Amino acid sequence: MSAVAGLRWWIVGASSGLGRALALEMARAGAEVIASARSADALAALAGEDARIAPLPLDVTDPRSVAEAAARIGAPDGVIYAAGAYEPMRAQDWRLGVAEAVAEVNFIGALTVLSHVVPGMAERGAGRVVLIGSLAGFRGLPGAIGYGASKAALMHLAENLRADLAGSGVTVQQVNPGFIRTRLTARNDFHMPQIMTPEEAARRTLAAIRSGRFSTSFPAPFAWLFTLGRFAPLPLFHALFGGGAKASGRADRKEKKG
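Computed from a predicted model, the values in this text were never measured in an experiment.

1. As for the overall build of the protein
- Counting its secondary structure elements, the protein contains 10 helices and seven strands.
- Relative to the 2.2 N^0.38 estimate, which gives 18 Å for 258 residues, the radius of gyration of the protein is 19 Å and therefore close to what a compact globule would have.
- Overall, the protein is about 65 × 40 × 30 Å in size when its C-alpha atoms are taken along their principal axes.
- Evaluated residue by residue, the protein yields a buried proportion of 46% over its 258 residues.
- Within the protein, residue pairs in contact and separated by at least 24 positions form 64% of the contacts whose partners lie at least 6 positions apart.
- Roughly 12,600 Å² of accessible area belongs to the protein as shown, and the carbon and sulfur atoms make up 55% of that amount.

2. So, the environment of aspartate 189
- By the secondary structure assignment, aspartate 189 is in the loop between strand S6 (170-177) and helix H7 (198-211).
- A sequence separation of 101 residues divides aspartate 189 from proline 88, and the C-alpha atoms of the two residues are 9.5 Å apart.

3. Points about the sheet that holds strand S5 (residues 127-132)
- Overall, parallel pairing links the seven strands, which are arranged S3-S2-S1-S4-S5-S6-S7 in an open sheet. Of all strands in the sheet, those bounded by a partner on one side alone are strand S3 (53-55) and strand S7 (215-218). For this sheet, the mean angle separating the axes of adjacent strands, direction not counted, is 15 degrees.
- In this sheet, strand S4 (residues 78-81) lies alongside strand S1 (residues 8-12) in parallel orientation, the contact comprising four bridges. Across the sheet, the residue bridging to tryptophan 10 is valine 79, located in S4.
- In the packing of helix H2 (residues 40-47) onto the sheet, contacts are made with strand S2 (32-36) and S3, and the angle to S3 comes to roughly 160 degrees.
- Its contacts with the sheet put helix H6 (residues 147-165) on S5 and S6, and the angle it makes with S6 is roughly 155 degrees.

4. Here we look at the nonpolar core
- Core analysis: the biggest nonpolar cluster contains 36 residues, and Trp10, Val129, Leu131 and Leu161 have the highest contact counts within it.
- Elements supplying a minimum of two residues to this core: S1, helix H3 (63-73), S4, helix H4 (98-114), helix H5 (118-124), S5, H6 and S6.
- For this core, the leading source of residues is H6, giving six residues.
- Non-local contacts of leucine 131, meaning those with residues more than four positions away in its chain, are made with Tyr81, Leu114, Leu154, Leu157, Ala158, Leu161, Gln173, Gln174 and Val175.
- With 34 residues, the next largest nonpolar core counts Ala3, Leu7, Ile180 and Ala202 among its residues.

5. Brief notes about the pattern of salt bridges
- Using the criterion set out here, one finds eight salt bridges in the structure.
- Two residues, arginine 28 and glutamate 25, come together in a salt bridge whose shortest N-O distance is 3.1 Å. Here arginine 28 and its partner glutamate 25 are both found in helix H1 (residues 17-28), three residues apart, which amounts to about one turn of the helix.
- Put simply, glutamate 87 and arginine 187 hold a salt bridge, and the shortest N to O gap is 2.9 Å. Of this pair, glutamate 87 sits in the loop between S4 and H4 while arginine 187 sits in the loop between S6 and H7; the two residues are 100 residues apart in sequence, bridging distant segments of the chain.
- The class for arginine 187 is partly exposed, based on a relative accessible area of 39%.
- Among the charged side chains, a network of salt bridges with common partners joins Glu87, Arg95 and Arg187.

6. Structural notes on H3
- Burial in H3 covers these residues: Ser65, Val66, Ala69, Ala70 and Ile73. Along the long axis of H3, the arc covered by the buried residues comes to 130 degrees, so they all point the same way. The exposed residues of H3 that point more than 90 degrees off its buried face are Pro63, Arg64, Ala71 and Arg72.
- Buried residues belonging to H3 abut S1, S2 and H4.
- The N-cap of H3, judged by a side-chain oxygen 3.0 Å from the amide nitrogen of arginine 64 a few residues on, is aspartate 62.
- Phi for glycine 74, located one or two positions after H3, is positive at around 85 degrees.

7. Let's talk about unusual backbone geometry
- With an omega dihedral of 5 degrees, the bond running from phenylalanine 218 to proline 219 counts as a cis peptide bond.
- The residue proline 219 is located in the loop between S7 and helix H8 (222-227) in this model.
- Cis rather than trans, the peptide bond between alanine 220 and proline 221 has omega equal to 5 degrees.
- Relative to the helices and strands, proline 221 is located in the loop between S7 and H8.
- With a phi angle near 50 degrees, glutamine 194 is a residue other than glycine that sits in the positive phi range.
- Within the secondary structure, glutamine 194 sits in the loop between S6 and H7.
- By relative accessible area, glutamine 194 is classed as partly exposed at 36%.

Cut-offs and rules
Residues numbered from 1 in each chain as written. Predicted model: local features only at pLDDT ≥ 70, side-chain atom pairs only at ≥ 80, totals over all residues. Heavy atoms only, no water. Helix = DSSP H or I, 4+ residues; strand = E, 2+ residues; numbered from the N terminus. Rg over C-alpha atoms; globule rule 2.2 N^0.38 Å. Buried < 20%, exposed > 50% of the residue type's maximum accessible area, 1.4 Å probe, protein only. Contact = heavy atoms within 4.5 Å. Areas by Shrake-Rupley, 256 points an atom, 1.4 Å probe, with all protein chains shown as cover. Pairing = 2+ DSSP bridges. Axes fitted to C-alpha atoms, helices over the stretch in contact; angles between N-to-C directions. Core = buried A, V, L, I, M, F, W, Y, C linked by side-chain atoms within 4.5 Å. Salt bridge = Lys/Arg side-chain N within 4 Å of Asp/Glu carboxyl O. Arc of directions from axis to C-beta. Polar contact = N/O pair within 3.5 Å; in protein donor to acceptor, adjacent residues only side chain to side chain.

Set out below in structure tokens:
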């Protein structure tokens, strides 16, 4: 049975970036796509590019908005949670409310959406849940307060779902991309290795969905640094990104001088 063609897919976070490109890619592959995000105008423009895409605005941080959208959809064959917020922030520059807002979109919003979808899938014994994680979710990174932890939580949630739904007929997958060229990553002031266009990331994501694998990370070889880096000593892993032991050493020297 096809994982895409002829099925109804609900993509949350479809107004821009990977979510938007994925909606178009899946529609071209024959899926009926329900595209959700906050911006009604962006969704209308997206729907104008393919008749198989239906716009359905919602705010993942508003439980009532999500509940109303879910009620209108009914029982989708698959759901992709691609909504994402990002703000580069170091612990030294912590700003009140920023990490909370990022986590609200990246993780709490996913819980809210899935609470309206997963029970029905489990009861029917059919469906697909795809969560868009990040390479940043594998281990703690410098400058990722809020973002890294919320993506790690989302990836952990995928593992929870896989454990509970194994053998139920519901397929759970997580897709962990690296850097994607969007308005969000434009805020970064550092080199982003192997950065992808949203279209390239969407093609890889669709291939991952079709593969049926639980977890897919890309692009290689950059992704290997994170997947294998889980087993490296944390100071060594941090040193690769200009943090960890080096940063601690600088802090220690400052304290001694003081």
